[in-house]
Amino acid sequence: MMRNGILGTLLMVSFVFAQQKAVDTATAGVKGVYLILFRTPAHVRSSSPEVFHTAAADVRKVLTDGKVPIVEDKERGSIENESQMSVNSMTKLASEAGAGSLLFVTVDRPTSKWIKLVLQAYDLDGKLLWEEAVDSGMSAMSGGAGYKKCFEKLKKQLSARIGGPGLPVQMQ
Amino acid sequence: MTDSGMRPYSPVMLLAQDQAQSPSDSAAPQMPKDGSGAEPLGFSDDIILKSGTEVKLVFAQSVSSKHAAKGEKVELRVAEDIRVDHMVVVPAGARVLGTVVQGKKNEKYGNSKDLAVSVDYIAVKGKRIKLTGERKQKPQTNVGSATAATIGFGLTGLMVYMSQREAWIREGTPANGYVAEDVIFTRSELSSAAKVGD
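Quick caveat, the model's predicted, so the values are computed rather than measured.

S.K.: How do you make sense of the overall build of chain B when you look at a structure like this?
M.R.: Looking only at helices and strands, one finds three helices and 14 strands in chain B. Within the span of chain B, comprising 198 residues, buried residues form 35% of the whole.

S.K.: I would appreciate a short explanation of the pairing of strand E4 (residues 73-78) of chain B in the present structure.
M.R.: Within a regular strand, the side chains alternate between the two sheet faces. All names here are of chain B. Summarising the sheet, strand E2 (residues 54-59) and E4 pair through three bridges and their orientation is antiparallel. In the sheet register, Val-58 faces E4, and the bridge partner there is Arg-77. Note that E4 and strand E7 (residues 95-102) share five bridges and pair antiparallel. Along E7, the bridge assignment pairs Glu-75 with Leu-97.

S.K.: Hey, could you run me through the pairing of strand E14 (residues 183-186) of chain B in this one?
M.R.: Residues and elements named next belong to chain B. What you see with E14 is a clean split: Val-183 and Phe-185 sit on the buried side and Ile-184 and Thr-186 on the side with no burial. In the sheet, strand E1 (residues 46-49) pairs with E14 via four bridges, with the strands oriented antiparallel. Bridging from a neighbouring strand, Leu-49 pairs with Val-183 of E14.

S.K.: I tried to follow the interface of chain B and chain A on my own but got confused; where do I start?
M.R.: Contacts between the two partners involve 17 residues from chain B, matched on the other side by 13 residues from chain A. Of all the elements in the fold, those that place two or more residues in the side of chain B that touches chain A are strand E3 (63-64), E4 and E7 of chain B. In the side of chain B that touches chain A, the residues fall into five nonpolar, five polar and seven charged.

S.K.: Looking at this structure, I do not really get helix H3 (residues 49-65) of chain A. What am I missing?
M.R.: An α-helical turn contains 3.6 residues, so a residue and the one three or four places further along point in the same direction. Residues and elements named next belong to chain A. Compared with an ideal rise of 1.5 Å per residue, which puts 17 residues at 24 Å, H3 spans 24 Å between its outermost C-alpha atoms and is within 8% of the ideal. Restricting attention to buried positions, one finds in H3 the residues Val-51, Phe-52, Ala-55, Ala-56, Val-59, Val-62 and Leu-63. Each buried residue of H3 lies within a common arc of 145° when the element is viewed along its axis, so the set occupies one face. When the buried face of H3 is taken as reference, the exposed residues oriented beyond 90 degrees from it are Glu-50, Ala-57, Thr-64 and Asp-65. Looking one or two residues past H3, Lys-67 carries a phi angle of roughly 65°, positive in sign.

S.K.: Quick question: what am I supposed to make of the packing of H3(A) against helix H5 (residues 143-161) of chain A here?
M.R.: Think of two packed helices as two axes; the pair is described by the angle between the axes and how far apart they sit. Residues and elements named next belong to chain A. Axis separation between H3 and H5 bottoms out at 10 Å; the angle between their running directions is 30°. The pairing of H3 with H5 is recorded here as roughly parallel in orientation. The two elements H3 and H5 meet at a crossing, and its hand is right-handed. The residues of H5 that touch H3, namely those facing Val-51, Asp-58 and Val-62, are Tyr-147, Phe-151, Leu-154, Lys-155, Leu-158 and Ser-159. When grouped by side-chain class, the residues that make up the contact of H3 with H5 number six nonpolar, one polar and two charged.

S.K.: Honestly, the environment of B:Asp114 in this entry has me stumped. Any pointers?
M.R.: Mapped onto the elements of the fold, B:Asp114 is located in the loop between E7 and strand E8 (115-124). Taking the C-beta count within 10 Å as the criterion, B:Asp114 has 13 such neighbours and is therefore assigned partly exposed.

S.K.: Even after reading the chapter, I still don't get the nonpolar core, so can you show me in this structure?
M.R.: Soluble, globular proteins show a tendency: their nonpolar side chains are buried together. By size, the foremost hydrophobic cluster in this structure holds 70 residues, and its most contacted members are A:Ile36, A:Leu102, A:Leu117 and B:Val63. In terms of residue count, H3(A) provides more of this core than any other element does, seven residues in total. In contact with A:Ile36, not counting residues within four places along its chain, are A:Ile79, A:Met90, A:Leu102 and A:Phe104.

S.K.: Quick question: what am I supposed to make of H5(A) here?
M.R.: The end-to-end C-alpha distance of H5(A), which contains 19 residues, comes to 27 Å, matching closely the 27 Å that a straight helix rising 1.5 Å per residue would cover. Immediately beyond the C-terminal end of H5(A), within one or two residues, lies A:Gly163, with a positive phi of roughly 95°.

S.K.: Would you mind going over unusual backbone geometry with me for this structure?
M.R.: In terms of backbone geometry, most residues other than glycine have negative phi values and most peptide bonds are trans. Positive phi outside glycine occurs at A:Lys67, with the angle close to 65°. Position of A:Lys67 among the secondary structure elements: in the loop between H3 and strand E2 (70-71). Positive phi values are uncommon outside glycine, yet B:Lys125 reaches one of about 50°. On the secondary structure map, B:Lys125 appears in the loop between E8 and strand E9 (127-132).

S.K.: Is there a simple way to explain the environment of A:Pro165 in this structure?
M.R.: For A:Pro165, the location among the structural elements is in the segment after H5. The spacing of A:Pro165 and A:Asp125 is 40 residues in sequence and 13 Å in space, taken between C-alpha atoms.

S.K.: What is the right way to look at the confidence of the model for chain B in this model?
M.R.: It should be kept in mind that the predicted coordinates are not to be read in detail where pLDDT is low. Residue and element names in this part refer to chain B. Averaged over all residues, the pLDDT of chain B equals 69, while 54% of them reach at least 70. The weakest mean pLDDT in chain B belongs to helix H2 (residues 143-146) at 36; the strongest belongs to E4 at 95. The model gives residues 1-35 a pLDDT under 50, and that stretch makes 46 contacts with residues more than four places away or in other chains. Here residues 134-152 is modelled with pLDDT under 50, and outside its nearest four sequence neighbours on either side it reaches 35 contacts, counting other chains as well. Two summary scores accompany this predicted model of the complex, namely pTM at 0.74 and ipTM at 0.78.

S.K.: Any chance you could explain the environment of B:Ile184 here in plain terms?
M.R.: Residues and elements named next belong to chain B. Residue position: Ile-184 is located in strand E14. Overall, the presence of 13 C-beta atoms within 10 Å leaves Ile-184 in the partly exposed class. In sequence terms Ile-184 and Asp-85 are 99 residues apart; their C-alpha atoms lie 13 Å from each other. For Ile-184, the residues in contact, after removing those within four places along its chain, are Asp-46 and Ile-48.

Procedures and definitions
- Residues numbered from 1 in each chain as written.
- Chains lettered and ligands numbered in written order.
- Predicted model: local features only at pLDDT ≥ 70, side-chain atom pairs only at ≥ 80, totals over all residues.
- Helix = DSSP H or I, 4+ residues; strand = E, 2+ residues; numbered from the N terminus.
- Buried ≥ 20, exposed ≤ 12 C-beta atoms within 10 Å, placed from the backbone.
- Pairing = 2+ DSSP bridges.
- Contact = placed C-beta atoms within 7 Å.
- Nonpolar A, V, L, I, M, F, W, Y, C, P; charged D, E, K, R; others polar.
- Expected span 1.5 Å × (residues − 1).
- Arc of directions from axis to C-beta.
- Axes fitted to C-alpha atoms, helices over the stretch in contact; angles between N-to-C directions.
- Parallel < 35°, antiparallel > 145°, perpendicular 65-115°, else oblique.
- Left-handed = near helix turned anticlockwise from the far one by under 90°.
- Core = buried A, V, L, I, M, F, W, Y, C linked by C-beta atoms within 7 Å.
- pLDDT = per-residue confidence, 0-100.

Structural data, given as structure tokens:
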């Protein structure tokens, strides 16, 4: 009986180690996402840089809360600006940074809405994996309320994409 | 993208400054005619990318005086392999970083008419190869050819003075830069980089 107990314990220990190894391998194999945010001319004209950077921070928060590793650019940190770059250029940067995909976020200010975010995920070949658009809608009476509404939609729609193509999850 | 009032940069005035002659310049060896920047190797395993070696660049993003803030980083790429002694020391496609030295004052205040970009360094093989502009840039007045012409960077960057509302440079616009100081590579470093496809 004692022998069976020791055998059982040994089996349990090897099972636990095997599981741990699988998790480590899975974690080690996960390449993060490279994030670039672009502010449209319309947003520059009609909104403020603070709103843009707040949107950037909120996107990051949703990703990190969902355990999506975000790859930082070694030379620049994160790219948040108003200058246009082709998908080819952006995916090249993502690849050089060691990311497995690119998440490109456009922050816009349409005439009838307080804010609109378009999120596009690309693989490193430049193929569009998916696209989501969220906005403040037309009912919000102020920019703050509009942003809050937009953020609620962002959280819901982006969270649904986490773990899918372009947004891998880190196990640990 | 088109917009009324926007037109491609017109290098009506390109800032050019004579590079101050440093004592070492007069003693510097002549560049080989093939432009390879090679130094006689002798018994050394080192390969030296000499300062003054021309680097063909291309803008990897668009830059506009209306949207680019002073201090903002600009992405470029090396357009052609840089070779020394028939070895590729910097492959085409290597990342180059520049800085907006004249544009919007900051993120909040926009609509600058003037645009200047300095080219800073090539980020490759864990090194930063500093770059600079050419000594003199002849002003170009032909607007039609300007968009296809090579832009040379003055010492303080490319200056584009516009009489209209905005100056901009499209992604894909070619440019020239020059290696600012000697950079040493070892043959083994280059061979291993070639093997891993770096």
